[in-house]
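# Analysis of the macromolecular model
Each chain is listed here by its residues.
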Amino acid sequence: MTDSNKRAAFRVAEAIRLSFQRVDEDDWMDRLGLLAVTAASVHNAKSAVSDVSLEIQRNLIAAHRVSETLATGLELINRKVDILVDQVVALQEQQGEFTEVPIRSCEISANGIRFSTGQAFDKSDKLHLKVLLVSDAFYFEALGEVVRLEADPDDTDRRLAAVRFRGIREADKDRLIKHLLGRQSETIRAKRLQLEEVAEATADADFDDDI
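Please read these numbers as outputs of a predicted model, since none were measured by experiment. (Residues numbered from 1 in each chain as written. Predicted model: local features only at pLDDT ≥ 70, side-chain atom pairs only at ≥ 80, totals over all residues. Heavy atoms only, no water.)

Judged by pairing direction, the barrel is antiparallel, and its six strands sit side by side in the order β1-β2-β3-β6-β5-β4 before closing back on the first. Along the sheet, successive strands turn relative to each other by an average axial angle of 50°, direction set aside. Judged from the nine bridges that link them, strand β5 (residues 138-151) and strand β6 (residues 159-168) form a sheet pairing that is antiparallel. Each residue of the ladder has a partner; that of Leu149, found in β6, is Ala161. (Pairing = 2+ DSSP bridges. Helix = DSSP H or I, 4+ residues; strand = E, 2+ residues; numbered from the N terminus. Axes fitted to C-alpha atoms, helices over the stretch in contact; angles between N-to-C directions.)

Sheet topology note: the strand β1 (residues 12-23)/strand β2 (residues 103-108) ladder contains six bridges and is antiparallel. In the strand pairing of β2, Glu14 is matched with Cys106. Of the strand pairs in this sheet, β1 and strand β4 (residues 126-133) are connected by eight bridges, and their pairing is antiparallel. Bridging from a neighbouring strand, Gln21 pairs with His128 of β4.

Counting 25 residues, the largest nonpolar core has Leu18, Ile108, Ile113, Phe115, Leu129, Phe140 and Leu176 as its most contacted members. Sorting the residues of this core by element identifies β1, β2, β3 (112-117), β4, β5, β6 and α4 (170-210) as the ones contributing at least two each. Beyond its immediate stretch of four places on either side in the chain, Ile108 contacts Phe10, Arg11, Val12, Glu14, Ile16, Ile113, Val131, Leu133, Phe140, Leu176 and Leu180. (Core = buried A, V, L, I, M, F, W, Y, C linked by side-chain atoms within 4.5 Å. Buried < 20%, exposed > 50% of the residue type's maximum accessible area, 1.4 Å probe, protein only. Contact = heavy atoms within 4.5 Å.)

Put into structure tokens, the structure is as follows:
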């Protein structure tokens, strides 16, 4: 397994606000296309901001000489702010949907998510997922496929559904991997401290026995 595959497969238990909706095959394909269009829209917005920034720089250099140029520069700044505001508002609207969604513990990796559910899923069911990681307010949407169903040991009326991501924006996947690597580092650090505390306690006990 390559390093990139290992990073993607690493999973942790997370506090997550999760909503999901079963979709049929046609809807599945439509939503895959929509995810691609949305990703392109974000990319286009970034490109537009970059282009406007270049225009601002060119115009503001001469702003101290020509007042009309100054006005043009200020107008370009306004356009840039409008683009950024539109993106921020859209993100806030998406995250706002989750204020009433209860927090649950799920296992998540960059490849998929595992959660307890009372819904009657079948293997290969297609789902549209909306996920909010509570720890850093990271929101993303993905399309997933149920690949495994198991009995929930904590509730006989529920099952554990393992869902593999089949459609997720690359930027979201990259950020998710970075988040998981951070959690992995925290876990390793905590285990190291625990081992050091055990070793220290053992050494103290041995010292007491020698007295």
